[in-house]
Amino acid sequence: MPYRALDELLRFVAATGPDTGQVEIDGDDPVFPTPFRVGAAGAAAITAAAIAAAQLWALRTPGATPQSIAVDLRHATAALRSARYLRIDGGAPRDPVDRLSGLYPAREQRWVFLHCNFPNHRVAALGVLGLPADAGREAVARAVRDWDGLALEEAVHAAQGCAALVRTSAEWSSHPQSNALTALPLLEIQRIGAAPPEPLAPAERPLIGIRVLDLTRVLAGPTCARALAEHGADVLKVSAPHLPHSGDVEIDTGLGKLSTFLDLRRAADTETLASLIRDGRCDVFSQSYRPGTLTARGFGPAQLAELRPGIVCVELSAWGSAGPWSGRRGFDTVVQCVSGMAMIQGGGGAPRIMPVSAIDYVSGYLMAFGAMVALERRAREGGSWRVRVSLARTGRWIVDRGVLDPAQVAGTPAELPDDAIARITLETASPLGRLRHLAPVARMSETPPHWARPPLPLGHNAPAWP
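Notes on the structure in this doc start here. Just so it is clear, the structure is predicted and the values come from calculations on it, not from any experiment.

Conventions we followed
Residues numbered from 1 in each chain as written. Predicted model: local features only at pLDDT ≥ 70, side-chain atom pairs only at ≥ 80, totals over all residues. Heavy atoms only, no water. Buried < 20%, exposed > 50% of the residue type's maximum accessible area, 1.4 Å probe, protein only. Helix = DSSP H or I, 4+ residues; strand = E, 2+ residues; numbered from the N terminus. Contact = heavy atoms within 4.5 Å. 1 Å grid on protein atoms, 1.4 Å probe; cavity = no way out; pocket = protein on both sides within 12 Å on 5 of 7 lines; lining within 4 Å. Points joined across faces, edges and corners; volume = space filled by probe spheres on them. Nonpolar A, V, L, I, M, F, W, Y, C, P; charged D, E, K, R; others polar. Salt bridge = Lys/Arg side-chain N within 4 Å of Asp/Glu carboxyl O.

### Focus on helix 5 (residues 137-145)
Item 1. For helix 5, the full list of buried residues reads Ala139, Val140, Ala141, Ala143 and Val144.
Item 2. In this structure, the buried side of helix 5 is in contact with strand 4 (102-105), strand 5 (111-114), helix 4 (119-129) and helix 6 (149-158).

So, in structure tokens, the structure goes:
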């Protein structure tokens, strides 16, 4: 199953990877108690990214020894919840899930998921429910029981929040947004402008000299930039003090990155970002704002290609570029709920969320894969490029792997044994403390992935390239 998923990815972008004998994926699903083949999807996406990195290195290193690539599927599956394995000075990170986030019964035996992890989303949900800011989960549950589920979903989104009516797979298949996803590719790589080829100079690692601006939040987008950093890219994360963030999860996704603050509401900071792109010759601009948000500030794909011909624009959205929900907020958990995945995870009873954030992390690795394929095309033929991934389309791809028989999942442990975790984690000293975290998943014979920089506090660095 992992090899079939990998072949899909490589065929999709017309990539020709190493000979089959040079790629090894060891293991199979299930690793954790879920019927979805998340290990196959995760291992395939991680392996595809490693293959793209190997191809870039071969392109810039004439006569290089062909790489062998190995991925352990259990390690890949653990990477779909990598923040769970983070330890800061021996202690577990703070839970990023707000106490009000989760599934609630609504009228007529329906369920609604409320996303409250960002303060503004929490305020929106409570406002719609007519509850005070200090309301507890019990009060929220009582209020939701009086609502029609679809009406509550729509009301929360109208209030600039995020909620999901839990649907069955059949209900989702007839939804207009699901129909729109049918026409969307899993990974879109499109040439959007003219620019001369930019050959890469010889280097010890695939992405040495590549500059990446990371304007993303939560998991998928930050995972993309972290994956590029593990192959040698210089990554500068751009956030702002007023924007909500994911707490200690930022440490896990911050491996290998610098971090700066820019407030794009201010003209001076907007010009600083433009200078990083134009004068600093940014190579990859990765963003996960809702569609159109950065275009309004002068940083849409066409604007970026004009500002810096040859740039690779990587975009993550929740629902894709088409359909009635194309501008709507969404997260991994929300996609699970609306698409029928939560009902399948529940096994025919109450809906449940998967034990891994597979949609988020797989999307992140697909973004990194697409970015590196685009960089190779830029090196060979020139051009500016646009790479697009959506959470909902990734969720469909995971569902398309098929589901396991319940007998295969029954009795699957909720966690890896301690000795298995020890083999896939490592320690890093950082300004944030002594960290223990997952190691890079892919093992590459000639350019072993690693992070050259420790995680840093948000806004730690000046807005400048190293």
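Structure shown, so let's carry the discussion forward.
### Details of empty space enclosed by the protein
Item 1. Throughout the structure, instances matching the rule amount to three cavities of 30 Å³ or more.
Item 2. Looking at the largest cavity, its volume works out to about 60 Å³.
Item 3. When grouped by side-chain class, the residues that make up the lining of the largest cavity number eight nonpolar, one polar and three charged.

### Regarding the pattern of salt bridges
When the charged atoms of two side chains lie near each other, side chains of opposite charge can form a pair.
Item 1. Taken as a whole, this structure holds 29 salt bridges when the rule is applied.
Item 2. Glu250 is the partner of Lys237 in a salt bridge, and the nearest nitrogen-oxygen pair spans 3.9 Å. On the criterion of sequence distance, the pair formed by Lys237 in strand 9 (residues 234-239) and Glu250 in helix 10 (residues 249-253) is long-range, its members being 13 residues apart.
Item 3. The shortest N-O distance in the salt bridge between Glu271 and Arg278 comes to 2.9 Å.

### A word on helix 4
Since there are 3.6 residues in each turn of an α-helix, residues three or four apart along the chain are aligned in direction.
Item 1. Within helix 4, the full set of buried residues consists of His121, Arg122, Ala124, Ala125, Leu126, Val128 and Leu129.
Item 2. Residues of helix 4 that are buried in the fold lie against strand 5, helix 5 and helix 6.
Item 3. Where helix 4 terminates, the next one or two residues include Gly130, which has phi positive at roughly 70°.

### Some words on unusual backbone geometry
Item 1. Here the residue pair Asp29 and Pro30 is connected by a cis peptide bond, since its omega of 0° sits within 30 degrees of zero.
Item 2. A positive phi angle is found at Gln109, which is not glycine, with a value near 60°.
Item 3. With respect to the secondary-structure elements, Gln109 resides in the loop between strand 4 and strand 5.
Item 4. A positive phi angle is found at Val218, which is not glycine, with a value near 70°.
Item 5. Inspection of the secondary structure puts Val218 in the loop between strand 8 (211-215) and helix 9 (220-229).

In short, geometric facts, not functional conclusions.
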